[in-house]
Structures are given as structure tokens and as C-alpha cells.
Amino acid sequence: MIIKDIIFQLSIRSIRLHFLRSVLAALGIVIGVVAIASMGMMGANMTLSVTEELSSMADTLVVTAYSGGGGGGGMPGMGGGGDDDDYISQDEFDAVERIAAKYGTVYAIYQESDTIEVGDKKGRATMYGLDEDMFPGLFTLTEGAFPRSTNSVVVGPMLVERLDLKVGSKIEIGDPDEGSTTTVRVVGILEERGMSQDINSDMAIIGSEKLFTGIFGGEGEYDQVNIVLNDLDDTETVTDQIEDKLNRKEDTVTIQDSSRMIESITGTLSTMTIFVMAIAGISLLVAAVSIFNVMMMSVTERIREIGILRSIGTQKNEVRSMFLYESAILGVLGAVIGAVVSLTVGWLVVLAMVGSTEYFFAPASLVYVPFAMAIGTVTCILSGLYPAWSASNLDPIEALRAE
Amino acid sequence: MNSSPVVELADVTKVYHLPSGDVVALDGVSLSIEEGEFVAIMGPSGSGKSTLLNQIGSLDVPSSGDLFIDGKNIGEMGDRHLTEMRLNTIGYIFQKFNLIPLLTAFENVEYPYILKHRKKDESGRVNHILEMVGIDSDLSRHRPSELSGGQQQRVAIARALVNEPKILLCDEPTGNLDTKTGRHIMDILDGLNSEGRTLIMVTHDPAIAGYASRTINLVDGRVA
């Protein structure tokens, strides 16, 4: 509408007349928008990349021996060790396999930690023993091949780095001071797998069941049984059936469902994101105060002009919209510039904090740009409300008298 | 002459409540002004001239009494209708010109036109009026701050005229101008009156008041 147009023109000209002051006020909004958008994007990217990393094992159910106490048990794979009852017996494994075989793949793991020696370097490492047939499905090789003989093993990349291992290196397992040692040969090096609930292979030596029981004994006393489900929807069915079968009289096993862990991790991350964004929001609050100040100054400086406008027939609401336009222009200007800048700053923040910008352009990440723009604009308009209201309620005679 | 006066005051009183006590600015003023008259309101400072002009200009309403402008009682109006009155019925010419500094001369004149007609001027009326008061199209592109006092007052007169008001109110129209320029402005105003427009002018300069066909003297808020 044309009347809006002339009032709008007055707002634009007023901003142009006090250009520096207006730019500084808008700069506050720019900073606020950039802070909120980049913090939000950082959180979103963190969540997305962690979820991606974790969901690769979301389809795995981990069954460990019930350790009493709080019922949950710590991180599986860290345990192992002395307690005789702390294993899953062959019978229990068979029971689990009977239930879960039709929903996915079931395999048992032996696990032990022991002293190892490579050349003159000594250290400790986790040793896993599992069915040779499972290797190709579970691991990816970067070098070499999967073990075909009993004294050959594959090793994780972090162990390779620490001990300078190569395909063909020999590792001595066991402490020579305490008894016999076994020498195994590295035939393959695994790809990095990250931390996971089923097997932490990055720092481990992995061999066949026969090799493991040959060194440590304890045949049929598994540390952990993993079930790789074909369909995530079966999680509850399988869990319930195993609970029903093995834990009816007393708890003998603990079943851990990775998806719950992912949920709690992403939940924590999003709480953290909201918290960080709230801190970023403080900068918007400061910007709001500065916009408020600029608008009040604009009203005070233009009291006489307001008096003229009113005396020649400008309605109150038209004066009010003139000042609201002014703060809206500052808000939209700040938000648009802020959006452009936050794409750059957000990219750098994500790169620095998450380490990868793989998910930067994902909708869940980019949505924070319009979100921050909206918050910035609304903040700006809200802080213009009172100045606009006070301008429109000036007495025209008083206003005309002002110098 | 029209039977009903264009401005009629009946026992108008205006009291300002100040912390130091009430100030009676207008004390039972009754007068009427017919259409086409040129009235000068004179009086010493503090006599209530400006208050009277603000009442007639619909910028303020009486504390008591009735004030009819063009047959409507402004004492009963709210802010919205008073504002409409200022836009449509009254043209205000100020001592300090009071042009909008952000707008050019042309836009200053066009502004009330847009407020009233809700569209830009396509009829050439704005240019026509500006020419009539002696502002050519070159000058009309300038901002008020780039014009002389006399030029600004001409633009202000054009602005007051653009919506064809029934009444022109002039508050010391030559107060900020030198004698020669003031005379030019008065000639314009006198010309407008001879075309039949009602003029009400506040002044304390008898020479200027001489242009008017009737002079009302105010002393201490009363018609003397």
C-alpha cells in the first residue's frame, strides 16, 4: 500500500541519515545471529556424526554374564578377568543361539587382557577369540588377510601404530616370568572401527577360538555373546525371549541394547547444544538493549518531526509503524548479514569442533540459520515496540515545541 | 456569506494543570468566524493566542465550552477524528515552517496528499501548487535544509493547501523572515483570501495584522 510506502520511506531515510549508528546496532544482531546459528549447527553436526558412528553398531545386542549389583554392568569388553562365575556358559550360549538365530547372526567372544612382547617392546593388549567364520562379516582389512591357521592373528590399527607392527610381525603373548608364552604371527591389519559396544578391535589382537583357548584355556566359558540383528524392530522380541528363558528364576545374563545408548548420547548432546545456544542468546540480549537504545535516541531526536507529522494529520498508528519499520529494517538487515556470515563462521566452528563438515549442509544443521534469523528479527522488533509506542503517544503540541 | 460560521466558539475555557497551580489560558472565549474571512488574532505573549490557535487547529480540545469547526464539535472527538480533521479541513502554517527534514520540498507537499488520498499524486496538483507559491521544479527537488527561509515558508504554504482545507491557520507566518520576504509571504496569503479561503492568523505585528479584514484582541485569555 502506498501509505505504507511513504512511512517506510521515512524509516529508510532516517536509518540512512544515522548510518553509522544504525550499522552498529545491526551489528549486534549480526553477532547474535551468528552465535546462535553456528552453535546450533555445531551441535547438530556433532549429533549427526556421533549418531552415524554409533548407528553402525545399533543393530547389535550384547549379552554378558549378570554381574549382580546394580544390574546394568559396566562397559562390556572392559571386564573379563578373575571371577569364575563371570562368564556365559556353553548351555547359555546354546539357549541364546536357539532363540536369536532366526533373527540374525549369533556369535560368542572370548576376551582376555595380557602382557605382550614385540621385539624388545613390552605392553598389554586385549586379546579376542572368536569363530573364524565370523571375521569377514565383522571386520574390514586394510592390509593382509584373515587368519587361516591357529597361530595367526589380525590386529587393530592403534596397536599397530603403538608397536610398529607390520604384516608378518611376531607377537609374544604372555609373561615369560609367570609361565609359558605363545608366539603368534600378524597376517592382517584391521580398519579403524571406533569405540563400540560389541568389540573394541582398534587396540586388540584377534585370533581364532582355538588359539585363544590354547593360550588361556576356559573353553565354553564365553565373556560375551553378540547378536547382530537383521531387523532393528526385532530388538524387543529377542530381548524379551532371552530374558524369559535365562533370567526367569534368577538373573544370569545382562542384555544391552545399543540403540538405548545412542539415544542417551544424542540426548546429552542436544541438551549441551541448547545450553550453548542459550549462552549465545545472551549476545542477542545485549543486541536487543543496543537496538532499544538506538530507537529511543531516534525517537528523542525526532520529537519535533513527530510533532510535525502528527499536526499535519498523521495518525498515531502510522507514527508507530514508522518506528517499527525502522527496527524491523535493522533486524532483517542484521539477520540477513548474520545468516551469510554464520555460514562461514559455522563452517569453521564445525570444522574445528567436530572435525568434519560432512553433515554441514544437512537440513538438521542448516535449519539453525533461518531459526537464528527469526530469533534475531523478532528480538529487534520487540525492542522497537516501546520506543515506537512512546513516539506515537507524544502530545503533538509538546512535540512541536521541542528544539 | 454562508449562514453557519466555519469556526464557532461558545464559552471556551482551557485550563492547564501545572504543578505550580492551574493556569487558565482561555477564559470563556466566544467568537465566530465566517467562511471567507481573514481574521488576525493579536495580543501580548501569554494572552492565549497560541492556545486558541491550537484549539481551532484541532491539536487540543477545550476544557469546557463548545468549539465547532465546519459544524463539528471537536470537544467530543477522539484522537483519530481530530487527526482526520487536521488532515482534511485545516491547513497549518507555522512560524518555524516545520517541514519534514527527511523529505524533499516536493515530497513534503505530497505527503498530506498521500495520507488523504492513499495514492501518489498523478494529477500534477502538487507541482501546480508549488508553482503557484513560486517554487519551481528545480527547487522542489531540494531538502528543506537546502532552501532559504522564504522558500521553506512557500513550501509550507503549498503543503497546507494541498488537501484543499476549509481553514488556513497561520501562526506568526512571517516571524522568522525578513520584512521583504515576509511581505511576499503575506501577498501570497492575501491572494489566497481573495480567492475565498478562510484565514486565521496569529501575530503580534500590527503591520502584518493590517492585511486582515478583522482583528480579535486577546488579553489574559479573554476577547478584549
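Residues numbered from 1 in each chain as written. Chains lettered and ligands numbered in written order. Predicted model: local features only at pLDDT ≥ 70, side-chain atom pairs only at ≥ 80, totals over all residues. Heavy atoms only, no water.

Description of the sheet that holds strand S1 (residues 7-18) of chain B
Residue and element names in this part refer to chain B.
Then step 1. As summarised here, the arrangement of the 4 strands in space is S2-S1-S4-S5, forming an open sheet in which the pairing is antiparallel. Either end of the sheet is taken by a strand with one partner, and the two such strands are strand S2 (21-33) and strand S5 (72-73).
Then step 2. Relative to S5, strand S4 (residues 64-69) is paired through 2 bridges, and the arrangement is antiparallel. Along S5, the bridge assignment pairs phenylalanine 68 with asparagine 73. (Pairing = 2+ DSSP bridges. Helix = DSSP H or I, 4+ residues; strand = E, 2+ residues; numbered from the N terminus.)

Observations regarding the domain arrangement of chain A
Then step 1. On domain assignment, one finds that chain A holds domain 1 (2-53 + 267-401) and domain 2 (60-229).
Then step 2. Distance between the C-alpha centres of domain 1 of chain A and domain 2 of chain A: 57 Å. (Domains from an automatic or database assignment.)

Some points on helix H3 (residues 90-100) of chain A
Residue and element names in this part refer to chain A.
Then step 1. Among the residues making up H3, those that are buried are Glu92, Phe93, Ala95, Val96, Ile99 and Ala100. Here the buried residues of H3 occupy an arc of 160° about the axis, which is enough to place them on one side. Turned more than 90 degrees away from the buried face of H3, the exposed residues are Asp91 and Arg98.
Then step 2. In the core, the buried residues of H3 are packed alongside strand S2 (88-89), strand S3 (104-118), strand S10 (221-222), strand S11 (224-229) and helix H7 (235-246). (Buried < 20%, exposed > 50% of the residue type's maximum accessible area, 1.4 Å probe, protein only. Arc of directions from axis to C-beta. Contact = heavy atoms within 4.5 Å.)

Observations regarding the nonpolar core
Soluble globular proteins tend to pack their nonpolar side chains together in the buried interior.
Then step 1. By size, the foremost hydrophobic cluster in this structure holds 74 residues, and its most contacted members are A:Phe323, B:Val7, B:Leu9, B:Ile100, B:Tyr111 and B:Ile200.
Then step 2. The element contributing the most residues to this core is helix H8 (residues 258-301) of chain A, with 8 residues.
Then step 3. In this structure B:Ile200 touches B:Val7, B:Ile33, B:Val39, B:Ile41, B:Leu53, B:Ile56, B:Ile167, B:Leu168, B:Leu169 and B:Cys170, once residues within four positions along its chain are discounted.
Then step 4. Judged by nonpolar contacts, the second largest core, of 40 residues, contains A:Leu61, A:Ile173, A:Ile242 and A:Ile255. (Core = buried A, V, L, I, M, F, W, Y, C linked by side-chain atoms within 4.5 Å.)

Some remarks on the sheet that holds strand S6 (residues 90-93) of chain B
Sheet strands line up and pair through hydrogen bonds in the backbone, either parallel or antiparallel.
Residues and elements named next belong to chain B.
Then step 1. One open sheet holds the 6 strands; their spatial order is S6-S7-S8-S3-S9-S10, and the pairing between them is mixed. Two strands close off the open sheet at either side, each with one partner strand: S6 and strand S10 (222-223).
Then step 2. When strand S3 (residues 38-42) meets strand S9 (residues 214-219), the two strands line up parallel, connected through 4 bridges. In the sheet register, alanine 40 faces S9, and the bridge partner there is threonine 215.
Then step 3. Where helix H5 (residues 149-161) meets the sheet, its contacts fall on S6 and strand S7 (167-171), and the angle it forms with S6 comes to roughly 170°. (Axes fitted to C-alpha atoms, helices over the stretch in contact; angles between N-to-C directions.)

Observations regarding the pairing of S3(A)
Residue and element names in this part refer to chain A.
Then step 1. Most of S3 sits inside the fold, with 12 of its 15 residues counted as buried.
Then step 2. Pairing analysis gives 10 bridges linking S3 to strand S4 (residues 121-130), with the strands arranged antiparallel. Paired with glutamate 112 across the bridge in S4 is methionine 127.
Then step 3. Taking the residues that link successive antiparallel strands as the turn, the S3-S4 hairpin has 2 residues, and the phi of glycine 119 there is positive, at about 60°.

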